[in-house]
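# Inside the fold
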Amino acid sequence: MDYVDGFVVPVALTSKEAYLRVAREAALVFRAHGATSVVECWGDDVPPGKLTSFPLAVLCKADETVVFSWITWPSREVRDAGMAAAMKDPRIAAQGEMPFDGKRMIFGGFQMVLDA
């Protein structure tokens with residue numbers, strides 16, 4: 001089964017276009033290094049919660065929303081090699097400062113166990 005890298009990140013509402021520009025370029029890089037898909041989802045109905053929630057998890061501010069995204073790879077091995085290559089790709093470094101606070105990003109790799 002596929003392998004998935006998942007990400008949750010807070011992004012300022014005023015930075016949507018800047019975020020999409022960076023995301024589009026990054027998607028090209030990840031696809032060039034073996035990813036089969038890159039999906040970006042802009043928070044539209046993301047309740048704050050009291051104990052747990054996406055906004056709480058990334059310390060979302062009033063002028064931010066949560067972006068939920070994932071990259072699909074054919075396997076963990078392809079992901080490990082592809083992610084390492086992508087991080088060395090000059091197109092990533094050329095993007096400059098990211099339009100989000102990377103210190104509040106949540107990310108992780110997941111082995112897909114069901115795709116219904």
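Residues numbered from 1 in each chain as written. Predicted model: local features only at pLDDT ≥ 70, side-chain atom pairs only at ≥ 80, totals over all residues. Heavy atoms only, no water.

### Considerations on the pattern of salt bridges
Summed over all chains, the structure comprises six salt bridges. Close ionic contact of R91 with D89 constitutes a salt bridge, the shortest N to O distance being 2.9 Å. (Salt bridge = Lys/Arg side-chain N within 4 Å of Asp/Glu carboxyl O.)

### Section: helix α3 (residues 76-88)
With 13 residues, α3 ought to run about 18 Å at 1.5 Å a step, and its terminal C-alpha atoms sit 18 Å apart, in line with that. Regarding α3, the residues found buried are R79, G82, M83 and A86. Projected down its long axis, α3 carries its buried residues within an arc of 100 degrees, all on one side. In α3, the exposed residues that point more than 90 degrees away from the buried face are E77, A81 and K88. Looking at the buried residues of α3, the elements they touch are β1 (3-12), α1 (16-32), β3 (64-73), α4 (90-93) and β4 (106-111). (Helix = DSSP H or I, 4+ residues; strand = E, 2+ residues; numbered from the N terminus. Expected span 1.5 Å × (residues − 1). Buried < 20%, exposed > 50% of the residue type's maximum accessible area, 1.4 Å probe, protein only. Arc of directions from axis to C-beta. Contact = heavy atoms within 4.5 Å.)

### Focus on the sheet that holds strand β2 (residues 37-42)
Across a sheet, paired strands are connected by hydrogen bonds in the backbone, their directions being either parallel or antiparallel. Strand order in the open sheet made by the four strands is β2-β3-β1-β4, with antiparallel pairing throughout. Both outer strands of the open sheet, β2 and β4, are each paired with one neighbouring strand and no more. Within this sheet the neighbouring strands show an average axis-to-axis angle of 15 degrees, counted without direction. Pairing of β1 with β4, which is carried by six bridges, proceeds in the antiparallel orientation. Bridge pairing links D5 to G109 in β4. Taken strand by strand, α1 contacts β1, β2 and β3, and its axis lies near 165 degrees from that of β2. (Pairing = 2+ DSSP bridges. Axes fitted to C-alpha atoms, helices over the stretch in contact; angles between N-to-C directions.)

### Considering the nonpolar core
As a rule of thumb, nonpolar side chains are buried together in soluble globular proteins. Y3, F7, A26, V29, F30, A35, I71, W73, M83, A86 and I92 together form the largest nonpolar core, which totals 11 residues. Looking at this core, the elements that each hand over two or more residues are β1, α1, β3 and α3. The biggest single contributor to this core is α1, with three residues. Apart from residues no more than four positions distant in its own chain, A35 is found in contact with F30, I71, T72 and W73. Judged by nonpolar contacts, the second largest core, of five residues, contains V9, V11, Y19 and A23. (Core = buried A, V, L, I, M, F, W, Y, C linked by side-chain atoms within 4.5 Å.)

### With respect to unusual backbone geometry
A positive phi angle, near 50 degrees, is found at L59, a position not held by glycine. With respect to the helices, strands and loops of the structure, L59 is situated in the loop between α2 (54-57) and β3.

### Regarding the state of the cysteines
Evaluated as defined, the whole model comprises zero disulfides. Summary of cysteine pairing: C41 is not part of a disulfide, and the nearest cysteine sulfur, belonging to C60, is at 15 Å. Among the residues examined, C60 registers a relative accessible area of 23% and is labelled partly exposed. (Disulfide = S-S within 2.5 Å.)

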